[in-house]
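# Chain and residue survey
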Protein chains: 2
Amino acid sequence: MNNQNTTNLISSPLERVRERLTLIKVGGKIVEEPASLKQLLSDFSNIKGHKVLVHGGGRSATAIAAKLGIESQMVNGRRITDEDMLKVVTMVYGGLVNKQIVAGLQAIGVNALGLTGADLNYMRSEKRPVTEVDYGFVGDVKEVNAGILADLIAKDVVPVLAPLTHDKIGNLLNTNADTIAGEAAKALSEYFDVTLVYCFEKKGVLLDENDDESVISKLTPDLFEKYKVEGIINGGMIPKLENSFEALNAGVKQVVITRADMLQFKTGTTIQL
Amino acid sequence: MNNQNTTNLISSPLERVRERLTLIKVGGKIVEEPASLKQLLSDFSNIKGHKVLVHGGGRSATAIAAKLGIESQMVNGRRITDEDMLKVVTMVYGGLVNKQIVAGLQAIGVNALGLTGADLNYMRSEKRPVTEVDYGFVGDVKEVNAGILADLIAKDVVPVLAPLTHDKIGNLLNTNADTIAGEAAKALSEYFDVTLVYCFEKKGVLLDENDDESVISKLTPDLFEKYKVEGIINGGMIPKLENSFEALNAGVKQVVITRADMLQFKTGTTIQL
């Protein structure tokens, strides 16, 4: 009765089967228009298993800022965030966009919880040092406390992450949504088998930039190097893919690059080691 | 070894000693000015045991709305919330005010989590029916799901509640912060011994409205009736106290009415059955 095998059948917490988690990052535009937002939330709710949504909101921030008489200044595609602009992004990302998504998900039975990095101190950053450019209240991520998120996710809570972090000395900081997604995915890989999905304007990484249907279905480090040398992959896609491989090296199971309206078809470019 | 007494020493979950929870509602003004906010958060952090903070934000909402060219319309002290105003209060209450409080608390070691009623579906309301007045997107509370909040509180998370609920069919709704505080306190009384603290502009309920120091230290239902008959308690204080007794009848242990800057001195009017 009391043999060794019986004991071995009871797995330790570390040995238990890891559950899957899908973390999806969507840009601003799709969550800022009621029709596309509704479709996105429906597609998102149909994804099986645990999930997390990371959103942008730049267009709304620019629009609200303009109405308040605050000019949006961008350098290298990044927003300069002075004190007034920080208030705008705190309102728009943390309030308007985040809470509309949360209410929309709750309406279709997804137990969403909207978070900035300050909430539960889940993501701490430091104000970016001033070099040639002073980005203002922009945060570089330093620490992710994924444990409490993992507990909530295990209880079928779906975190909805706004692109805001905090420095734990009282300041909220504007943080790129791609970065939030990558850092959260890496930290949650301690607890789950994570698929990180980046939605952008194309159906995936393209073999021919003039042919929207020429989606590369799978990318490995070798193929990436080959396509880079051949000039097939170039420009802004290179840092995006470098970040993807970095996430894979840090424990994320796979990265998918696709278009938000393709989520339901599970297509796009899958990136694996 | 295996006697009945040993078994009895292990108490059931229902029998365990209930922990104390202090739920504090502060008005808009104190959380909208950096100096008074800092003092408030410091005093709040010094309260022993589990705690919850409920905040307003009306002055900021009115100011931001004005800058956006949206006029604030009040009827019986309540804000008329049309579609544009709903966006403003979602930004200001759910974003700006809530997240600044959360970041401020995290900076002094309080593990704050900012919530609207949509988050975790913790508070569901219904759009107020149109009678003589159409309040617009204003919610009357119908259901509080305190279980998941209680779990988080037991893990030393401190919920920071914005005055917003949702109808679980996709709409956020503007909801009075006093109501949020009362409903949350009643629902959390299933799990904790709750002290509900309402901060307002006086040090407590006054015996003489012209003497700010004439604070009534204890109020019971009998004393309340007596002071009402004598005209000592009148006007807007009557519904406030009626709500307090209603909360006590629904399981809240005590209600305290005080001024925010008196929190550290634990004075004010204590209301008990």
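See above for the structure.
A brief structural summary. (Residues numbered from 1 in each chain as written. Chains lettered and ligands numbered in written order. Predicted model: local features only at pLDDT ≥ 70, side-chain atom pairs only at ≥ 80, totals over all residues. Heavy atoms only, no water.)

## Re the packing of aromatic side chains
- On inspection of all chains with the given rule, the structure shows two aromatic pairs over all chains.
- The ring of F44 of chain A has K51 of chain A sitting right over it, with the charged end atom 5.9 Å from the ring centre.
- Just above the ring of F137 of chain B sits the side chain of K127 of chain B; from NZ or CZ to the centre is 5.3 Å. (Phe/Tyr/Trp six-rings, centres within 6.5 Å; stacked < 30°, edge-to-face > 60°. Lys NZ or Arg CZ within 6 Å of the ring centre and 35° of its normal.)

## Details of the relation of the copies chain B and chain A
- The two copies are related by a screw operation: chain B maps onto chain A through 180° of rotation and 0.0 Å of translation along the axis, at an RMSD of 0.0 Å. Both chain copies can therefore be described as sitting about a two-fold axis. Of every C-alpha in chain B, the one belonging to G95 of chain B sits nearest the axis of rotation, 1.8 Å from it.
- Both copies present the same face, since 100% of the interface residues in chain B are matched by interface residues at the equivalent positions in chain A. (Least-squares fit on C-alpha atoms with pLDDT ≥ 70 in both. Contact = heavy atoms within 4.5 Å.)

## Some points on helix 9 (residues 237-249) of chain A
All names here are of chain A.
- Compared with an ideal rise of 1.5 Å per residue, which puts 13 residues at 18 Å, helix 9 spans 18 Å between its outermost C-alpha atoms and is within 8% of the ideal.
- Of the residues making up helix 9, those classed as buried are M237, L241, S244, F245, A247 and L248. Down the axis of helix 9, the buried side of the element spans an arc of 155°, and every buried residue falls inside it.
- Looking at the buried positions of helix 9, the neighbouring elements they touch are helix 7 (177-188), strand 11 (193-199), strand 12 (218-219), helix 8 (221-229), strand 13 (254-258) and strand 14 (269-271). (Helix = DSSP H or I, 4+ residues; strand = E, 2+ residues; numbered from the N terminus. Expected span 1.5 Å × (residues − 1). Buried < 20%, exposed > 50% of the residue type's maximum accessible area, 1.4 Å probe, protein only. Arc of directions from axis to C-beta.)

## Here's the deal with the environment of Q106 of chain B
All names here are of chain B.
- Topologically, Q106 is positioned in helix 5 (residues 83-107).
- Separated by 155 residues in sequence, Q106 and D261 have C-alpha atoms that sit 21 Å apart.
- A polar atom in the side chain of Q106 sits 3.1 Å from the backbone oxygen of A112. (Polar contact = N/O pair within 3.5 Å; in protein donor to acceptor, adjacent residues only side chain to side chain.)

## Observations concerning the packing of helix 3 (residues 34-45) of chain A against helix 5 (residues 83-107) of chain A
All names here are of chain A.
- Packing of helix 3 against helix 5 brings their axes to within 10 Å, and their N-to-C directions diverge by 55°. The orientation of helix 3 with respect to helix 5, classified from their angle, is oblique. As helix 3 runs across helix 5, the sense of the crossing is right-handed. Contacts between helix 3 and helix 5 involve L37, L41 and F44 from the former and I101, G104 and L105 from the latter.
- Residue composition of the contact of helix 3 with helix 5, grouped by class: five nonpolar, one polar and no charged. (Axes fitted to C-alpha atoms, helices over the stretch in contact; angles between N-to-C directions. Parallel < 35°, antiparallel > 145°, perpendicular 65-115°, else oblique. Left-handed = near helix turned anticlockwise from the far one by under 90°. Nonpolar A, V, L, I, M, F, W, Y, C, P; charged D, E, K, R; others polar.)

## Regarding helix 6 (residues 147-154) of chain B
- All of the buried residues in helix 6 of chain B are I148, L149, A150, L152 and I153 of chain B.
- Against the buried residues of helix 6 of chain B lie helix 6 (147-154) of chain A together with strand 1 (20-26), strand 2 (50-55), strand 5 (112-115), strand 8 (158-161) and helix 7 (177-188) of chain B.
- Phi for D156 of chain B, located one or two positions after helix 6 of chain B, is positive at around 65°.

## Regarding the environment of E126 of chain B
Residues and elements named next belong to chain B.
- Relative to the helices and strands, E126 resides in strand 6 (residues 123-127).
- Placed 40 residues apart in sequence, E126 and H166 show a C-alpha to C-alpha distance of 7.6 Å.
- Ignoring sequence-local partners within four residues, the contact set of E126 consists of V138, G139, D140, K142 and L173.

## Remarks on the pattern of salt bridges
- The final tally for this structure, using the stated rule, is 32 salt bridges over all chains.
- For the salt bridge of K226 of chain A with E230 of chain A, the shortest nitrogen-to-oxygen distance reads 3.4 Å.
- Since its relative accessible area comes to 42%, K226 of chain A is described here as partly exposed.
- Given a relative accessible area of 44%, E230 of chain A falls into the partly exposed group.
- With a shortest N-O distance of 3.9 Å, K228 of chain B and E242 of chain B are connected by a salt bridge. Within this pair, whereas K228 of chain B is found in helix 8 (residues 221-229), its partner E242 of chain B is found in helix 9 (residues 237-249), the two being separated by 14 residues in sequence.
- Residue K228 of chain B is classed as partly exposed on the basis of its relative accessible area of 26%.
- Assessed through its relative accessible area of 41%, E242 of chain B is described here as partly exposed.
- Three or more residues are tied together by salt bridges with common partners; here these are K25, D178 and K240 of chain A. (Salt bridge = Lys/Arg side-chain N within 4 Å of Asp/Glu carboxyl O.)

## A short note on the interface of chain B and chain A
- Listed by partner, the interface residues are 37 residues for chain B and 37 residues for chain A.
- Summed over both sides, the interface of chain B with chain A buries roughly 2900 Å², with 70% coming from carbon and sulfur.
- Run the count over chain B and chain A and you get four salt bridges.
- The residue D119 of chain A makes a salt bridge to K99 of chain B at a minimum N-O spacing of 3.0 Å.
- When residues of the side of chain B that touches chain A are traced back to their parent elements, those giving at least two are helix 4 (58-67), helix 5, strand 5 and helix 6 of chain B.
- Of all the elements, helix 5 of chain B adds the most residues to the side of chain B that touches chain A, at 13 residues. (Buried area = accessible area lost by both parts, 1.4 Å probe.)

## Things to note about the sheet that holds strand 8 (residues 158-161) of chain A
Residues and elements named next belong to chain A.
- Across the sheet, which stays open at both edges, the eight strands sit in the order 5-8-2-1-11-13-14-12 with mixed pairing between neighbours. For this open sheet the edge positions go to strand 5 (112-115) and strand 12, each flanked by a neighbour on one side alone.
- As judged from the three bridges shared by strand 13 and strand 14, these two strands associate in the antiparallel manner. Paired with V255 across the strands is I271, a residue of strand 14.
- Here helix 5 sits on the sheet in contact with strand 2 (50-55), strand 5 and strand 8, set at roughly 175° to strand 5. (Pairing = 2+ DSSP bridges.)

## A few points about the pairing of strand 2 of chain B
Residue and element names in this part refer to chain B.
- Along strand 2, six of the six residues are buried, which leaves the element largely enclosed by surrounding structure.
- Burial along strand 2 is two-sided: H50, V52 and V54 facing one way and K51, L53 and H55 facing the other are all buried.
- As paired elements, strand 1 and strand 2 share six bridges and run parallel to each other. When the bridges of strand 2 are listed, I24 appears paired with L53.

## So, the sheet that holds strand 1 of chain B
Residue and element names in this part refer to chain B.
- Across the sheet, which stays open at both edges, the eight strands sit in the order 5-8-2-1-11-13-14-12 with mixed pairing between neighbours. Single-partner strands in this sheet number two, and they are strand 5 and strand 12 (218-219).
- Where strand 5 meets strand 8, four bridges bridge the pair, whose relative direction is parallel. Its bridge partner lying in strand 8, G114 is registered against V160.
- Along the sheet, helix 6 makes contact with strand 1, strand 2, strand 5 and strand 8, crossing strand 2 at roughly 125°.

Read these as layout, nothing more, since geometry by itself doesn't imply function.
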